[in-house]
Amino acid sequence: MRRTADVVVVGGGVIGCAVARELARRGARTIVVERGEVGAEATRAAAGMVAPQAESSGPGPLLRLGIASRERYAAWTEALAAESGVDVEYRTDGIVYAALTAADVRVLAARARWQRAAGLRVERLASTTSASPRRSSWRHGGRASRCWSGRRSRRSARGAAR
Ligand SMILES: Cc1cc2nc3c(=O)[nH]c(=O)nc-3n(C[C@H](O)[C@H](O)[C@H](O)COP(=O)(O)OP(=O)(O)OC[C@H]3O[C@@H](n4cnc5c(N)ncnc54)[C@H](O)[C@@H]3O)c2cc1C
């Protein structure tokens, strides 16, 4: 049988699947060609963080793109869940950095400064605040002296690809 399509997407990772979904939504007959298993390569290995604040070393176009993408992520995952019934486990409860040394504290303080100046949310947490399970989990071997939390978005990339 001969199959035709308007667009052939090569690679069934999270990116290929997301592109194919969007194309199909817009009316293009789309085929995904995957040499192995859908979502089994880098998509499966990903830690699942949508973390432009964590992965930027300073303000700029890449950070703006990442933040803009993050702002659209909740709606995207909700649409995926509605269409597929698969919960991609998206959460927005922040990323924690544990500062174990004075040098770590300086690095994180500098990061907090430029992120706040860029209008991003960064929170400093004292090491003594271990009342909640979330906070205690931020400690590293009981030695963490300071922590900062930027907004994190977490998802299962494999779930998104499914
Ligand atoms: C250890 C690790 C941790 C990561 N953690 C994060 C994280 O926390 N947050 C984050 O955002 N990103 C993270 N990433 C990056 C993220 O996993 C990738 O950016 C993302 O999965 C890329 O998706 P992709 O669809 O482009 O690639 P892939 O998931 O690798 O998909 C590409 C697909 O193309 C297929 N393919 C390749 N060549 C062909 C061919 N010729 N014909 C047919 N099929 C082909 C492959 O089999 C594969 O399935 C992490 C990556 C790694 C390795």
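These numbers were taken from a predicted model, which means no experiment stands behind them. (Residues numbered from 1 in each chain as written. Predicted model: local features only at pLDDT ≥ 70, side-chain atom pairs only at ≥ 80, totals over all residues. Heavy atoms only, no water.)

## Quick notes on the packing of helix α1 (residues 14–25) against helix α3 (residues 61–84)
Here is the rule we go by: The angle between two axes is taken between their N-to-C directions and runs from 0 to 180 degrees, where each axis is a line fitted to C-alpha atoms and a helix contributes only its stretch in contact. Runs of H or I in DSSP of at least four residues are treated as helices and runs of E of at least two as strands, each being numbered from the N terminus. Should an angle lie under 35 degrees it is considered roughly parallel, over 145 roughly antiparallel, and from 65 to 115 roughly perpendicular; all remaining angles are considered oblique. Whether two residues touch is decided by their heavy atoms; if any such pair falls within 4.5 Å, the residues are in contact. Here the term charged refers only to Asp, Glu, Lys and Arg, the term nonpolar to Ala, Val, Leu, Ile, Met, Phe, Trp, Tyr, Cys and Pro, and the term polar to all other amino acids, Gly among them.
Running from N to C, α1 and α3 point in directions that differ by 75°, and their axes come no closer than 13 Å. Considered as vectors, α1 and α3 are oriented roughly perpendicular to each other. Contacts between α1 and α3 involve V14, A18 and R21 on the former and, on the latter, W76, A79, L80 and E83. Across the contact of α1 with α3, the residue classes break down as five nonpolar, no polar and two charged.

## Remarks on the pattern of salt bridges
Our working definition: Criterion for a salt bridge: a side-chain nitrogen of Lys or Arg within 4 Å of a carboxyl oxygen of Asp or Glu.
Taken as a whole and judged by the stated rule, the model has eight salt bridges. Note that R29 and D6 form a salt bridge whose closest N and O atoms lie 3.6 Å from each other. Placement of the pair is R29 in the loop between α1 and β2 (30–33) and D6 in the segment before β1 (7–10), with a sequence separation of 23 residues. Salt bridges linked by common partners bring R21, E22, R25, R26 and E83 together as one network.

## Quick notes on the packing of aromatic side chains
Definition in use: Classification of ring pairs rests on two measures: the distance between centres of Phe, Tyr or Trp rings, Trp counted by its six-membered ring, which must be within 6.5 Å, and the angle between planes, read as stacked under 30 degrees, edge-to-face over 60 and tilted in between. Remark: exposure states derive from per-residue accessible area (1.4 Å probe, protein chains only) relative to the maximum for the residue type, with buried under 20%, exposed over 50%, and partly exposed in between.
As enumerated under the stated definition, the model contains two aromatic pairs in all. A centroid spacing of 5.3 Å and a plane angle of 35° characterise the contact between Y73 and Y90, whose relative ring orientation is tilted. You can see Y73 sitting in helix α3 and its partner Y90 sitting in the loop between α3 and β4 (95–99), a full 17 residues away along the chain. The pair formed by Y73 and Y90 is uniform in burial state, with each residue classed as buried.

## Topic: the site of the ligand
Heads up, the rule is: Consider each residue's heavy atoms; a residue with any of them within 4 Å of a molecule or strand counts as near. We define a polar contact as two N or O atoms separated by no more than 3.5 Å, with the added condition that, inside protein, one atom must be a possible hydrogen donor and the other a possible acceptor, whereas residues neighbouring each other in sequence contribute only through side-chain atom pairs. For the accessible areas, the method is Shrake-Rupley and the probe is 1.4 Å, while residue cover comes only from the protein chains on display.
The immediate surroundings of the ligand are formed by 19 residues, with E34, A42, T43, A47 and M49 found nearest. T43 has a polar side-chain atom sitting 2.5 Å from an oxygen atom of the ligand. At 2.6 Å from a nitrogen atom of the ligand is found a main-chain nitrogen or oxygen belonging to M49. Relative to its unbound accessible surface of 1000 Å², the ligand loses 60% to contact with the protein.

## A word on a nonpolar patch on the surface
Stated precisely, the cut-off is as follows: Two distance rules govern patches: like charges are joined within 9 Å, and nonpolar side chains (Val, Leu, Ile, Met, Phe, Trp, Tyr) within 5 Å, applied only to residues with over 30% relative accessible area and no salt bridge.
On the surface, a cluster of nonpolar side chains totalling about 280 Å² of accessible area is made up of V8, V10 and V33. Inspection of the secondary structure puts V8 in strand β1. On the basis of relative accessibility, which here comes to 48%, the residue V8 falls in the partly exposed class.

## A few points about α3
For clarity, the cut-off: Here, expected helix span is obtained from the residue count minus one, scaled by 1.5 Å. The angle between axes fitted to the seven-residue stretch ending at a residue and the seven-residue stretch beginning at it gives the bend at that residue.
Between the first and last C-alpha of α3 there are 33 Å, a value that for 24 residues agrees with the 34 Å anticipated at 1.5 Å per step. The largest bend in α3 comes to about 40°, at Y73. For α3, the complete set of buried residues consists of L63, G66, I67, R70, Y73, T77 and L80. Downstream of α3 by a residue or two, G85 has a phi angle that is positive, lying close to 80°.

## A look at the layout of surface pockets
Test applied: With a 1 Å grid laid over protein atoms only, a set of points is called a cavity when a 1.4 Å probe fits there but cannot get out and a pocket when it is open yet has protein on both sides within 12 Å along at least five of seven lines; lining residues have an atom within 4 Å of a point. Grid points are joined across faces, edges and corners, and a volume is the space filled by probe spheres set on the points.
Computed from the structure, the largest pocket encloses a volume of approximately 690 Å³. Around the largest pocket, the lining comprises 23 residues; the ones closest to its centre are V50, S69, R70, Y73 and W76. Listed by contribution, the elements that provide at least two residues to the lining of the largest pocket are α1, β3 (49–50) and α3. Sort the elements by how many residues they give to the lining of the largest pocket and α3 lands first, with 10 residues. A breakdown of the residues in the lining of the largest pocket according to their chemical character gives 13 nonpolar, three polar and seven charged.

## Things to note about the confidence of the model for the chain
The predicted structure's coordinates, where accompanied by low pLDDT, should not be read in detail. Filter applied, for reference: A score from 0 to 100, pLDDT tells how confident the predictor is in each residue.
Counting all residues, the mean pLDDT for the chain is 82, and 78% of those residues have values of 70 or more. Predicted confidence in the chain is weakest over helix α5 (residues 133–138), with a mean pLDDT of 38, and strongest over β1, with 98. Between residues 129–147, whose pLDDT stays under 50, and residues either more than four places distant or in other chains, the model counts 36 contacts.

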